[in-house]
There are 2 protein chains.
Amino acid sequence: MKDVAALAGVSVGTVSNVLNQPDRVLESTRQRVEDAIRKLGWIRNESARQLRAGRSESVGIVVMDVANPYFVDLLLAAEETFYDRGYTVNLGNSDQHREREALLMRHFMRSRVDGVLLAPIGNSSGVTDELLRAGIPVVLLDRVSGTGLCSVGMDDIEGGRLAVHHLLEQGHKRIAFVGGPLGLAQVRDRARGARLAVANSGAHLDVVEVKTLDVEEGRKAAQHIARSDRGIRPTAVFAANDLIAIGMLQGFVAEGLSVPDDVAIIGYDDIDFAAAAAVPLSSIRQPRYEMGRCAAELLLKEITAAESGDEHQHEPVSFSPELVARISTLRTS
Amino acid sequence: MKDVAALAGVSVGTVSNVLNQPDRVLESTRQRVEDAIRKLGWIRNESARQLRAGRSESVGIVVMDVANPYFVDLLLAAEETFYDRGYTVNLGNSDQHREREALLMRHFMRSRVDGVLLAPIGNSSGVTDELLRAGIPVVLLDRVSGTGLCSVGMDDIEGGRLAVHHLLEQGHKRIAFVGGPLGLAQVRDRARGARLAVANSGAHLDVVEVKTLDVEEGRKAAQHIARSDRGIRPTAVFAANDLIAIGMLQGFVAEGLSVPDDVAIIGYDDIDFAAAAAVPLSSIRQPRYEMGRCAAELLLKEITAAESGDEHQHEPVSFSPELVARISTLRTS
DNA sequence: TTGAAAGCGCTAACAC
DNA sequence: GTGTTAGCGCTTTCAA
């Protein structure tokens with residue numbers, strides 16, 4: 001910046017003004033300074049700016065799995081909202097590892113981001129506490145929180161109920177819930193919803209736990225189920241997410257079972273690949289775009305409040321799930 | 001930091017040493033300082049550290065589409081490599097927008113990252129030039145570059161040739177290439193490979209351009225092709241990527257055509273969803289993991305060279321494509 | 001409208 | 001081993 005000032009024949013203060021208060025400076029000098037910047041190819045040092053100015057105008061977003069289109073959609077919606085408001089967005093992927101989640105959070109704290117949007121792995125209180133103590137607002141995504149935080153999530157119990165209720169309506173008496181690990185709140189809630197739907201219906205619910213929520217695990221689970229005894233084998237499956245459902249669809253086909261005639265499948269999230277599957281998958285829609293956008297807006301509101309010292313009421317927002325019935329659960333007969 | 005020093009009864013210099021040169025400091029004082037840090041919940045200011053120390057130990061990665069699993073895999077592989085070497089990784093998603101790509105690059109320059117890994121949109125010379133002038137190493141990913149840059153890509157002409165050669169072997173005489181925009185080098189190269197394969201084979205190649213490389217566009221293209229005249233309709237399709245291929249698969253099924261009996265489909269990238277499709281898709285495999293890893297290592301090498309002032313020879317690395325034949329191109333008869 | 005100067009929080013060289 | 005101190009590159013008063 002010194003060099004720019006020298007070349008333009010002004011002081012560093014004026015160069016700074018050209019950047020931050022362009023109207024405080026004479027048109028002609030502004031011109032000269034901008035020429036100098038261009039000629040020297042000078043790029044302002046963000047660390048120095050941030051250190052002195054004390055604000056970063058940036059936020060962090062951490063999702064637990066960028067390989068899952070569901071999280072990508074949340075991410076994109078939130079990102080766009082921040083972009084529109086002029087914030088710089090730092091993306092982080094915890095990739096289902098708790099240590100990495102913690103690492104990312106610490107990194108954002110050190111970078112003094114204005115706020116963090118977190119789609120957490122399991123119970124994340126330990127991670128968020130540090131942020132909050134440091135006065136950095138945190139909004140939870142994909143999880144409704146009762147504690148002192150804003151959060152945007154879905155009623156997964158209701159979602160699970162909806163999915164299994166739909167299967168019952170199609171006449172199924174033996175249903176399997178496939179998901180895991182059961183340590184994940186989302187998975188647990190969806191299972192609980194499934195159990196609620198089944199209660200007093202006369203139908204039976206098996207719970208099949210898988211290690212992770214991805215396609216490969218779904219395929220394995222399908223193989224396992226397909227090879228079980230005819231008498232015990234469920235006629236319908238509720239998969240904890242669409243990746244599992246897609247894997248199971250392929251697994252069943254590979255085992256010679258037809259979907260939905262031999263086995264019906266319903267997934268969860270309604271990612272684009274669900275509708276695009278060769279047997280279009282029924283699913284429980286999460287309004288991903290609205291959720292991502294809403295979370296971003298909550299965070300922005302909280303940041304604004306924090307900066308102006310205003311009072312802020314944390315609010316947990318819960319979206320409603322919606323059944324999307326496609327061929328994979330609709331009997332052709 | 002001042003507060004920490006005061007509480008621990010030492011100087012700020014000692015606190016700094018505890019963080020950066022732990023063995024220069026007495027075990028007992030280290031203990032005291034660490035206690036003070038914990039008690040105060042102090043978190044070091046990264047901007048200040050970076051400004052003073054002059055190094056960031058961080059890199060930026062920009063991909064053109066996080067919604068495409070292919071790029072996600074490249075990303076994950078590269079990310080892991082950097083993590084292993086202790087680098088902080090900043091993720092960026094240009095989302096197919098050139099302005100956003102430029103924005104991200106400028107952001108990384110201002111943040112003084114040590115290097116940038118870029119999976120660019122189209123021709124990116126303008127964007128990278130600025131970085132290079134600032135002395136920040138850039139490695140191109142998913143693109144082989146002849147210019148003064150390291151790059152990791154694939155021989156897409158060969159990949160296209162391979163795909164169409166496979167279709168010819170299956171006896172197809174009328175083949176469609178579906179991809180776009182043709183402005184993308186990858187798409188152009190794959191099309192050129194297709195043309196090479198067809199040349200002098202007696203077969204015919206149609207080129208169908210689509211707007212973007214996603215599932216929805218594939219579905220539309222399939223509908224269009226399915227409804228064309230029986231005599232003109234291609235019996236096989238080479239899709240420029242797997243998203244298009246997946247969309248086309250669904251589109252054909254929706255139009256009552258069977259894959260592969262009525263139309264064969266081969267995709268490109270071999271993303272996990274390709275094998276998981278209900279009609280498992282043939283594809284051209286890109287060694288994503290190796291490519292991501294290799295690009296990261298090239299960048300690290302260049303960063304090291306830049307820091308020590310050593311000479312650095314740019315090298316364009318090109319991986320070889322591999323045919324993965326699955327049911328979608330194998331005649332059942 | 002512009003310049004001079006203080007100082008953001010930290011690191012690293014040097015002195016003790 | 002530990003303290004003192006200069007200064008990284010910028011923003012932001014305050015004076016001129």
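Keep in mind it's a predicted model, so treat the numbers as computed, not measured. Per-chain numbering applies: the sequence of each chain, read as written, is numbered from 1 onward. Both sets of labels track the order of writing: A upward for chains, 1 upward for ligands. Local features in this predicted model are restricted to residues of pLDDT 70 or higher, and side-chain atom pairs are both shown and tallied only at a pLDDT of 80 or more, whereas totals for entire chains, interfaces and linings draw on every residue. Hydrogens and water are ignored here; the side-chain numbers use all heavy atoms of the structure.

A. Up close: the protein's contact with DNA strand D. Consider each residue's heavy atoms; a residue with any of them within 4 Å of a molecule or strand counts as near. The environment of DNA strand D is formed by 23 residues, the closest being Met1 of chain A together with Ser11, Thr14, Leu26 and Arg52 of chain B. At the protein interface, 64% of the atoms of DNA strand D within 4 Å belong to sugar or phosphate. One nitrogen or oxygen atom from the side chain of arginine 44 of chain A is found 3.3 Å from a phosphate oxygen belonging to DNA strand D. Within the contact set of DNA strand D, a base oxygen lies 2.9 Å away from a side-chain nitrogen or oxygen of arginine 52 of chain A. For helices the rule is a DSSP run of H or I covering at least 4 residues; for strands it is a run of E covering at least 2, with both sets numbered from the N terminus onward. Every element with two or more residues in the surface near DNA strand D is listed here: helix 2 (12-20) and helix 4 (46-53) of chain A together with helix 2 (12-20) and helix 4 (46-53) of chain B. Contacts described as polar in this section are N or O atom pairs within 3.5 Å, which, within protein, must combine one atom able to donate a hydrogen with one able to accept it, while residues neighboring in sequence count only if both atoms come from side chains.

B. Region of interest: the environment of alanine 221 of chain A. Residues and elements named next belong to chain A. The residue alanine 221 is located in helix 10 (residues 215-226) in this model. Using a 1.4 Å probe on the protein chains alone, a residue whose accessible area is under 20% of its type maximum counts as buried, one over 50% counts as exposed, and one in between counts as partly exposed. Take alanine 221: its relative accessible area is 7%, and that puts it in the buried class. Sequence separation between alanine 221 and glutamate 209 is 12 residues, and the spatial gap between their C-alpha atoms is 8.7 Å. What makes two residues a contact is simply this: any of their non-hydrogen atoms within 4.5 Å. Apart from residues no more than four positions distant in its own chain, alanine 221 is found in contact with Val178, Val210 and Met248.

C. Local environment of the relation of the copies chain B and chain A. Least-squares superposition of the copies uses the C-alpha atoms of those residues scoring a pLDDT of at least 70 in each of them. Aligned on chain A, chain B shows an RMSD of 0.1 Å; the corresponding rotation is 180° and the shift along the axis is 0.1 Å. When the rotation and shift are considered jointly, the pair of chain copies conforms to a two-fold rotation axis. No C-alpha of chain B lies nearer the rotation axis than that of serine 47 of chain B, which sits 2.2 Å from it. An overlap of 100% is found between the interface residues of chain B and their copies at the interface of chain A, pointing to a shared contact surface.

D. Broad picture of the domain arrangement of chain A. Residue and element names in this part refer to chain A. Assigned domains of chain A: these are domain 1 (2-44), domain 2 (58-154 + 288-319) and domain 3 (156-286 + 323-329). As annotated, the domain borders come from an automatic or database domain assignment. Taking only C-alpha atoms, the centre of domain 2 and the centre of domain 3 are 30 Å apart. Domain 2 puts 10 residues into the contact, and the matching count from domain 3 is 14 residues. When two components associate, each loses some accessible surface as probed by a 1.4 Å sphere; the sum of these losses over both components is called the buried area. Of the roughly 1200 Å² buried between domain 2 and domain 3 on both sides combined, carbon and sulfur atoms contribute 51%. Salt-bridge detection follows one rule: a side-chain nitrogen of Lys or Arg within 4 Å of a carboxyl oxygen of Asp or Glu. For the pair domain 2 and domain 3, the interface holds 1 salt bridge. One can count 7 residue pairs in polar contact (both at pLDDT 80 or more) joining domain 2 with domain 3.

E. Molecular detail of the packing of helix 2 of chain B against helix 3 (residues 27-40) of chain B. Residues and elements named next belong to chain B. Orientation of helix 2 relative to helix 3, taken along the N-to-C sense of each, is 95°, at an axis distance of 10 Å. By the angle between their axes, helix 2 is roughly perpendicular relative to helix 3. Within the contact between the two elements, helix 2 uses Val15, Val18 and Leu19 and helix 3 uses Arg30, Val33, Glu34 and Ile37. Just so you know the grouping, Ala, Val, Leu, Ile, Met, Phe, Trp, Tyr, Cys and Pro go in nonpolar, Asp, Glu, Lys and Arg go in charged, and all remaining residues, Gly too, go in polar. Of the residues belonging to the contact of helix 2 with helix 3, the class tally is 5 nonpolar, no polar and 2 charged. Where helices are involved, their axes are fitted lines through C-alpha atoms of the stretch in contact, as for all axes, and angles between N-to-C directions lie from 0 to 180°. Angle categories are assigned with fixed cut-offs, so that under 35 degrees is roughly parallel, over 145 is roughly antiparallel, 65 to 115 is roughly perpendicular, and the rest are oblique.

F. Structural context of the environment of serine 201 of chain A. Residue and element names in this part refer to chain A. Mapped onto the elements, serine 201 comes out in the loop between helix 9 (185-198) and strand 7 (204-209). In this structure the C-alpha to C-alpha distance between serine 201 and asparagine 93, which are 108 residues apart in sequence, comes to 41 Å. A polar atom in the side chain of serine 201 sits 2.5 Å from the backbone oxygen of valine 198.

G. Looking closely at the side chain of serine 282 of chain A. Note on placement: serine 282 of chain A falls in the loop between helix 12 (272-276) and strand 10 (283-285). Overall, serine 282 of chain A belongs to the buried group, its relative accessible area being 0%.

H. Summary view of the UniProt feature "domain: HTH lacI-type" (unreviewed entry) in chain A. UniProt marks residues 1-53 of chain A with the feature "domain: HTH lacI-type" (unreviewed entry), using the numbering shown here. Its end C-alpha atoms 16 Å apart, residues 1-53 of chain A is made of 72% helix and 0% strand. UniProt positions are given in the numbering used here, feature names are shortened, and annotations may be inferred rather than shown by experiment.

I. Structural detail: the pairing of strand 1 (residues 58-63) of chain B. All names here are of chain B. Counting buried positions along strand 1 yields 6 of 6 residues, so the element is predominantly enclosed. Taking every second residue as pointing to the same face, both faces of strand 1 are buried, with Ser58, Gly60 and Val62 on one and Val59, Ile61 and Val63 on the other. Note: two strands are recorded as paired if DSSP finds a minimum of 2 bridges between them. For strand 1 and strand 2 (residues 88-93), the ladder comprises 6 bridges, and the chain directions are parallel. Residue serine 58 lies in a different strand from strand 2, and its bridge partner there is threonine 88.

J. Molecular detail of the sheet that holds strand 6 (residues 174-179) of chain B. Residues and elements named next belong to chain B. Read across the open sheet, the 4 strands follow the order 7-6-8-9; overall the sheet is parallel. This sheet does not close on itself; its edge strands, each paired only once, are strand 7 (204-209) and strand 9 (264-266). Taking each pair of neighbouring strands and ignoring which way they run, the sheet shows an average axis angle of 20°. Bridge count for strand 6 against strand 8 (residues 236-239) is 4 bridges, and the pairing is parallel. Pairing of isoleucine 175 across the sheet is with alanine 236, part of strand 8.

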